[in-house]
Amino acid sequence: MYGIDLDTPGLMQARTWRWLRIRILGLLSAESRLSRHFAPPEPKPSRRTPRH
């Protein structure tokens, strides 16, 4: 989404923790693999039979 290559030599030393935090929070709030990974699981439908 952001096109950030963390393997780029010296990139992380040139950036602040705030810079990284903002990008991580952005990826968590957007539709991304990261947000899907950390999202709570979907509730399973109840298999209870109705009472009469």
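Scroll up a little and you will see the structure.
Described in the following lines is the structure provided in the data block. Model, not experiment: these values are computed from the prediction.

### Some thoughts on the pattern of salt bridges
The full count for this structure, using the stated rule, is one salt bridge. A salt bridge links Glu31 to Arg36; its shortest N-O distance comes to 2.5 Å.

### Examining a nonpolar patch on the surface
Taken together, the side chains of Ile24, Leu25, Leu28, Leu34 and Phe38 define a hydrophobic patch exposed on the protein surface, amounting to about 430 Å² of accessible area. Those elements that provide at least two residues to the nonpolar patch are helix H2 (17–29) and helix H3 (33–38). Among the elements that line the nonpolar patch, the one with the most residues is H2, at three residues. Note that Phe38 resides in helix H3.

### What to know about the side chain of Ser35
Assignment of secondary structure puts Ser35 in helix H3. On the basis of relative accessible area, Ser35 is assigned to the buried category, the value being 13%.

The rules behind the values
- Residues numbered from 1 in each chain as written.
- Predicted model: local features only at pLDDT ≥ 70, side-chain atom pairs only at ≥ 80, totals over all residues.
- Heavy atoms only, no water.
- Salt bridge = Lys/Arg side-chain N within 4 Å of Asp/Glu carboxyl O.
- Patch = residues over 30% accessible without salt bridge, like charges linked within 9 Å, V, L, I, M, F, W, Y side chains within 5 Å.
- Areas by Shrake-Rupley, 256 points an atom, 1.4 Å probe, with all protein chains shown as cover.
- Helix = DSSP H or I, 4+ residues; strand = E, 2+ residues; numbered from the N terminus.
- Buried < 20%, exposed > 50% of the residue type's maximum accessible area, 1.4 Å probe, protein only.

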